[in-house]
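Working through the structure, step by step
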Amino acid sequence: MYELSDGAAEALSRVEMPVNWNAEQHTEPMTAVRLRSLYECLGEVAECRHARGKRYPLKTVLAIAVAARLAGYRGANAFAQFAALLNQE
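In this text, all values refer to a predicted model and were calculated from it rather than measured experimentally. (Residues numbered from 1 in each chain as written. Predicted model: local features only at pLDDT ≥ 70, side-chain atom pairs only at ≥ 80, totals over all residues. Heavy atoms only, no water.)

Our focus in this paragraph is the overall build of the protein chain. The number of helices and strands found in the protein chain is four helices and zero strands. Ordered by position from the N terminus, the helices and strands of the protein chain form the series α-α-α-α. Within the protein chain, the fraction of its 89 residues that count as buried is 9%. Taking contacts inside the protein chain between residues at least 6 apart in sequence as the whole, the part at least 24 apart equals 6%. Total accessible area on the protein chain stands at roughly 8,400 Å², and carbon and sulfur atoms take up 56% of it. (Helix = DSSP H or I, 4+ residues; strand = E, 2+ residues; numbered from the N terminus. Buried < 20%, exposed > 50% of the residue type's maximum accessible area, 1.4 Å probe, protein only. Contact = heavy atoms within 4.5 Å. Areas by Shrake-Rupley, 256 points an atom, 1.4 Å probe, with all protein chains shown as cover.)

Let us now look at helix H3 (residues 58–70). Along its 13 residues, H3 runs 18 Å from first to last C-alpha, staying within 8% of the 18 Å computed at 1.5 Å per residue. In the segment just after H3, Gly 72 is the residue with positive phi, at about 100 degrees. (Expected span 1.5 Å × (residues − 1).)

The next thing to look at is the pattern of salt bridges. This model, assessed by the stated rule, comprises two salt bridges. The shortest N-O distance in the salt bridge between Arg 36 and Glu 44 comes to 2.3 Å. Residue Glu 44 is classed as exposed on the basis of its relative accessible area, which comes to 56%. (Salt bridge = Lys/Arg side-chain N within 4 Å of Asp/Glu carboxyl O.)

A grouping of Leu 38, Val 66 and Leu 70 is seen on the molecular surface, where their side chains present a nonpolar patch of about 300 Å² in accessible area. Its place among the elements puts Leu 70 in helix H3. (Patch = residues over 30% accessible without salt bridge, like charges linked within 9 Å, V, L, I, M, F, W, Y side chains within 5 Å.)

Set out below in structure tokens:
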């Protein structure tokens, strides 16, 4: 966890985003080429686990946690129960 930079809390509490935060403005929906799956995006999360005990790729663990949370499960034990209900497909 990192501290917010100076003025970040104030900027985040504003009704309007600061001008320098505006991303590209799109008037048309993104093309399929620009869209990525959640699984691909989770692959960009930096690995913070120690090598000892790593059995599954982090993006797989995170994808299961997201799916479990969307299904109403809460907490690591509940996520493990959800994962146990899944099959290979």
